[in-house]
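# Coordinate inspection notes
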Amino acid sequence: MIEPFTDVVPSFFGMLNQGPLTLTIFLHTIIILPMFWIYKQEKEKLNKK
Amino acid sequence: MANENVSVWTSIPFWRRSAAWVTGFATILLIWLTFDTIGQISMGTDADLKNGVTKRVPAPTVINYKIGYEMSKKRGHEVPTIGEKQPFFGKEWSPKEAANLLHLGKLTSQAKNCMDCHTLLGNGAYYAPDLTKAWLDPAWNSMIPMIGGMIGKELTREEAMAEFLQHPSRYPTHARKMPDLGITAREAKGLVAFLKHMSSIDTNGFPRNFSKTVDQFKAGGTNAH
Amino acid sequence: MLTSIKTNSFEGNKGKELGMMYFRVAIILFGAQLLMGLIAAIQFIVPGFLFETFDFSVARMVHINALVVWMLYAMIGSVYFMLTDETEHEGVAIGLGKLAFWVLTAAVTVVVLVFIFVQVGSGTEASIWFINEGREYLEAPRWADIGIVVVVLIFYFNVFATYMKGKKTGIMTVMVANLMALAGLYLAGMFFTDNISMDQYWWWWVIHLWVEATWEVFVGTLAAYALIKIIGAKREVVEMWLWIEVLMLFGSGILGLGHHYFWIGTPEYWWEIGALFSALEPVPLIAMFVHVLYDWGKEQGIAKAQGQTGTVANNTPALSWIVTNAFGNFLGAGIWGFFHTLPQVNIYTHGSQFTAAHGHLAFFGAYATILIGMFYMGVQYAYGVERLKSTFKSKMAIFLITFGVVGMTVALTIAGYEQVLVERAELGAGWNAFFVAQNLPWYVQAQLWRAIMGVVTFAGFVFLVLDLLTIGKEAKEAQA
């Protein structure tokens, strides 16, 4: 599953790249997750109206 | 009291805030990645070359070394290799001289607009061959004696390349010839240094299987020069 | 379009008048782009054509620069055109904007003349400053770069100050924010480095973040404005869609930049980032497609229910081009882009005619179409025509241009396929591999078809120019 590090220079992103799709899942998740919070806030605002 | 049936999915403020968040944060991630990458693609130093430290983009003095492009088991694709010392235009270039020569070569490559016929690292126009690994191209094996024969001199690879660049239409390789761009002897030297340096850049295995026959590939062969 | 210079129907709307000035130069440069493309296409078939007088590199350089510049002109024109409508303000410094227009046009003329007559320089800094910067799409010499920055600052000041004083619609908010990014990115392409990897790293910041991020958002903004104007779409609906498009376009497009960082010396982690973000880039293009067709169908249905006969559009040629944009953007940028965006595929297709095929359909489908739509809106306004109907010439123009570009794209895709299999997969790139592939009969045939389809496109362009010159006058006469 976890592949050995192959790139020239070790780096944070290079390490995340060792697992199966872990780098892209990490990036997509931290971009999308806060939208849940935005959703909740907006829902509250709309409900109060 | 609260209106529980109202939908957030049709609310403009929700989408506006989400758009702002996603755009802003993706930009921050890109900047973070850029810092990481810039560190990795900055040119190495002469000391790195001497100590055998692998850099994605080596120092200009890489022109003093033999360069190869070999299959790496660890990486799963071909990578440039830096071998023993090798004279370039008959001498060893000091870090300063090599840097100046590369500077001249890069400037010339832009001033002569190479990129609007050729591709460099695969980017540019598609009218003429890719130059990423031009220094290692086995086509030179026949071009060097051909050019040398025509001017009555025994030439090294870099001398043959420099002669070709100065008078390209004299040595056609195809009906589609390279035009004479008024490249001087000095500029040609710079361009050859630029090409040799480019061939030493770690391009993650592009071009794949570079100019090898199947047999060479199976044997893990190389086109080192 | 030309005669409209003398008409008075602008009723003192200086912003729209300035927009039309930009449109006129844009269409001339569009013609120049096509002519240069024809020369380059012929050189693929007849290699000796204009050899050492007007080489491929020169034709190609002017071809792609005319493309970028006509689009920037049409984009600036479109912004000035919509500015007064959206902000309900007359514009703060349109006079200064006009001065900037003339400065920019003079600079573009000088740059093009130098490209055509001087062509290349010696290997010195002076060449980079005064002749040619030699970086694909950004060939304009440094002095012109600085000039462009000054002119764009004047333009941006105009837009921003007008926005601040006038009404702040959602469309205009997106426009103002996006334009700042678009203009700022140009700065990333204004430096010299000996390190070719570093060079291309920043070069892609400009090229990718323009055409796959900020320009796409620009198109979304224009489409939103045009739908309100042409078919009377509801602003709330259109603006919500616009925000969703911004979210998806920037969400996928900004890190999608990674698909240019597979092979230029950059680390391997870009494979995964570039592949999986850019694979999402077609999603907003599907959304834009659905949005345009849905709104059109909805407004048409409402009109029909109210007993109105005929089309709901008050400008059918413009709407035709905007609908073509919805298709073309998805096909050219979305599908043709996705074809070769994964590194497993791209290692073979990178730098082949595949890229050229994608480039042709994407620039046309995503940008040329909607900007031509804006030209028609300009004509309609300049002549004060209430309902502008497609003429025979309008229909010939849109049919021939679209058919020609799709034909070129198919031909180049076939050429690219040959090249990838033979030059790359079979022979492993390299000098001789390249020319073996260029000589393949099917490759040569594809290049021939590309040239023929280029001529078809040019014929369509002739109809387009004739139509833009006459349609307004004819419609006005018919109205009176």
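Before reading on, note that the structure itself is shown above.
These figures come from a predicted structure and were not determined experimentally.

Calculation notes
- Residues numbered from 1 in each chain as written.
- Chains lettered and ligands numbered in written order.
- Predicted model: local features only at pLDDT ≥ 70, side-chain atom pairs only at ≥ 80, totals over all residues.
- Pairing = 2+ DSSP bridges.
- Helix = DSSP H or I, 4+ residues; strand = E, 2+ residues; numbered from the N terminus.
- Expected span 1.5 Å × (residues − 1).
- Bend = angle between axes of the 7 residues up to and from the residue.
- Buried ≥ 20, exposed ≤ 12 C-beta atoms within 10 Å, placed from the backbone.
- Contact = placed C-beta atoms within 7 Å.
- Nonpolar A, V, L, I, M, F, W, Y, C, P; charged D, E, K, R; others polar.
- Core = buried A, V, L, I, M, F, W, Y, C linked by C-beta atoms within 7 Å.
- Domains from an automatic or database assignment.

All right, on to the pairing of strand 2 (residues 77-85) of chain B then. Residues and elements named next belong to chain B. As paired elements, strand 1 (residues 65-72) and strand 2 share seven bridges and run antiparallel to each other. When the bridges of strand 2 are listed, Gly 68 appears paired with Thr 81. Counting the residues between successive antiparallel strands, the hairpin from strand 1 to strand 2 contains four residues, one of them, Gly 76, with a positive phi of roughly 85 degrees.

This part covers helix 7 (residues 196-231) of chain C. Residue and element names in this part refer to chain C. An ideal rise of 1.5 Å per residue puts 52 Å on 36 residues; helix 7 measures up with 49 Å between its terminal C-alpha atoms. At Trp 210, helix 7 shows its maximal kink, close to 50 degrees. Across the 36 residues of helix 7, 32 count as buried, placing the element largely inside the fold. With its phi angle positive at about 70 degrees, Gly 232 sits one or two positions after the end of helix 7.

Across the junction of Phe 206 of chain B and Pro 207 of chain B, the peptide omega takes the value -5 degrees, indicating a cis bond. Assignment of secondary structure puts Pro 207 of chain B in the loop between helix 6 (185-199) and helix 7 (214-218). A positive phi angle, near 60 degrees, is found at Glu 52 of chain C, a position not held by glycine. Here Glu 52 of chain C lies in the loop between helix 1 (14-45) and helix 2 (56-87). Looking at Glu 52 of chain C, the number of C-beta atoms within 10 Å reads 11, which means it is exposed.

So, about the interface of chain C and chain B. Listed by partner, the interface residues are 65 residues for chain C and 70 residues for chain B. Every element with two or more residues in the side of chain C that touches chain B is listed here: helix 2, helix 4 (125-130), helix 7, helix 8 (235-256), helix 12 (343-349), helix 13 (353-382) and helix 15 (431-438) of chain C. Here the side of chain C that touches chain B gets 11 residues from one element, more than from any other, and that element is helix 8 of chain C. Classifying every residue of the side of chain C that touches chain B gives 31 nonpolar, 22 polar and 12 charged.

In this structure, Tyr 22, Ala 26, Trp 70, Tyr 73, Ala 74, Ala 223 and Leu 227 of chain C are the most contacted members of the largest nonpolar core, which totals 233 residues. Tallying contributions element by element places helix 7 of chain C first for this core, with 23 residues. Residue assignment places this core across two domains, with domain 1 (11-39) and domain 2 (42-218) of chain B each supplying three or more. The contact partners of Ala 74 of chain C, leaving out residues within four places of it in the chain, are Tyr 22, Phe 23, Ala 26, Leu 371 and Met 374 of chain C.

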